[in-house]
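Examining the three-dimensional arrangement
Given next are the chains, with one letter for each unit.
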Amino acid sequence: MFFMSEHMIVGIIGAPNKGKSTLFSAMTMASAEIADYPFTTIKPNHGIAYAARQCVERELHIKCKPRNSMCVDGTRLIPIDIVDVAGLVPGAHLGKGMGNQFLNDICGASVLIQVVDASGKSDANGNRAEGADAYDEVKMVKEELSLWLADIISRHMPKLSKEEDGAKALREVLSGFKVSEYDIKKAASAATLTLSKMKWSTAETQKFSSELLRISKPMIIAANKIDKATDEDIKRLAVSLKGCDVILCSGMVELALRKTSKEGKINYVPGERNFEVLEDISAEQAGAFEYIRRFLAKRSTGVNELINEAAFSREGNIVVYPVEDENKFTDHFGNTLPDAVVMKGGSTAMDLAAKIHSELAVNMIYAVDAKKKIRVAKDYVLKDNDVIKIVSAAK
Ligand SMILES: Nc1nc2c(ncn2[C@@H]2O[C@H](COP(=O)(O)OP(=O)(O)O)[C@@H](O)[C@H]2O)c(=O)[nH]1
Ligand SMILES: [Mg+2]
């Protein structure tokens, strides 16, 4: 009855020339494998990528009929909106290159992927360099984003200083940035600041902003151009990005594989470390394939890992399957396991109801764990791969 259309949004950010657009194309280009499925590019810099999870159909010994996702050989492919955000440079918060489009793109994202150059051949400005430290880029992007946030808050400080409920007022000021009052309270506490009738100095506002960014926008580092990186580069990277969530990747290799697969020249399943050449190829192409084979002998392209990391690793994310018939595991129209929904770890049955439809949550009475066929309360904490029916007074 209710269509789950709201995908998770992942923003690809970073300094210029790091391979953001290449990774975006690689992630959002459907290879031959899934080319038959509807594939949409929403806007030039918006596209759909698929996070892969084992579908619960196997466990239940049934065949699913997905609606908000796809299922290939028992693997549920869950769409994620990917946004290729314009490049950030030092001083960006002062307006350099930061148009409204940038703000719109970054605000909606619940996870950010920052692309850095693993080969150290470009610096935080995107200029050519040797042995550049990727951490400089990470620091620069964090600083620019939090200074930009701090600037917005500072401009509203006269109004905010009059508000008793600062968390609510701040959420309104930052509406669009998709932060909850819970996150705002957590950030204030981490920065040891009070939210009521706030009178924060510039330094305090910046401290709060950097905490809010850390809490509300989890960041994954894509150490890109790994095909060009030496063992020395990789060692240096491990030291400099210690403590960050890092995935080594090559957007260029994945893009080449998906492109040639789409053209029917090779057979390639995204994420696998081999491919099969299907037709006669030129000497030039043979050389390119040889480069790719040597690369894949060492590691995967990392692109699938990146998508899955963005979708699931953060906040203990889980996948749940809402249904209307707890015996047949179907929706209103008889589709089996129609929707796979990504939820934050710790979410309750009520949170799931709210995600499906706000009215469903308001009128919710209880839920049913469809696997166990037992009633569970509204505050039941969802588990990964739960199949849940929401029972509501609304008809
Ligand atoms: N060797 C290598 N080059 C890459 C990779 N990804 C991107 N590039 C190259 O880096 C340059 C910048 O890429 P682009 O995607 O436009 O970067 P953006 O400015 O961050 O969007 C282009 O010449 C790409 O071909 C990669 O994984 N390996
Ligand atoms: Mg670009």
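As the structure is a computational prediction, the values presented were derived from the model and not from experiment.

Regarding the sheet that holds strand β14 (residues 387-392)
- Reading across the sheet, the 5 strands line up as β11-β10-β14-β12-β13 and stay open at both edges, with mixed pairing between neighbours. Here the strands that pair on one side only, and so sit at the sheet edges, are β11 (341-343) and β13 (374-376). Put simply, the sheet's adjacent strands are angled 40° from each other on average, direction ignored.
- The pairing of strand β12 (residues 364-369) with β14 spans 5 bridges and is antiparallel.

Overview of the domain arrangement of the protein chain
- The domain boundaries assigned to the protein chain delineate domain 1 (8-139 + 219-313) and domain 2 (316-392).
- Here the C-alpha centre of domain 2 lies 31 Å away from the C-alpha centre of domain 1.
- Taken together, the contacts link 21 residues of domain 1 with 18 residues of domain 2.
- Joining domain 1 to domain 2, the criterion identifies 4 salt bridges.
- In this structure, lysine 371 and glutamate 59 form a salt bridge, with 3.0 Å as the shortest nitrogen-oxygen distance.
- There are 13 residue pairs in polar contact (both at pLDDT 80 or more) connecting domain 1 and domain 2.

Some remarks on the environment of methionine 350
- By the secondary structure assignment, methionine 350 is in helix α13 (residues 349-356).
- On the basis of relative accessible area, methionine 350 is assigned to the partly exposed category, the value being 29%.
- For methionine 350 and isoleucine 365, which are 15 residues apart along the polypeptide, the C-alpha to C-alpha distance reads 9.4 Å.
- Setting aside residues no more than four positions away along its own chain, methionine 350 makes contact with Ala361, Met364 and Lys378.

Some details on the environment of glycine 11
- Here glycine 11 is to be found in strand β1 (residues 8-13).
- Among the residues examined, glycine 11 registers a relative accessible area of 0% and is labelled buried.
- In contact with glycine 11, other than residues within four places in its own chain, are Val83, Val85, Ala109, Val111, Leu112 and Ile113.

Rules used throughout
Residues numbered from 1 in each chain as written. Chains lettered and ligands numbered in written order. Predicted model: local features only at pLDDT ≥ 70, side-chain atom pairs only at ≥ 80, totals over all residues. Heavy atoms only, no water. Pairing = 2+ DSSP bridges. Helix = DSSP H or I, 4+ residues; strand = E, 2+ residues; numbered from the N terminus. Axes fitted to C-alpha atoms, helices over the stretch in contact; angles between N-to-C directions. Domains from an automatic or database assignment. Contact = heavy atoms within 4.5 Å. Salt bridge = Lys/Arg side-chain N within 4 Å of Asp/Glu carboxyl O. Polar contact = N/O pair within 3.5 Å; in protein donor to acceptor, adjacent residues only side chain to side chain. Buried < 20%, exposed > 50% of the residue type's maximum accessible area, 1.4 Å probe, protein only.

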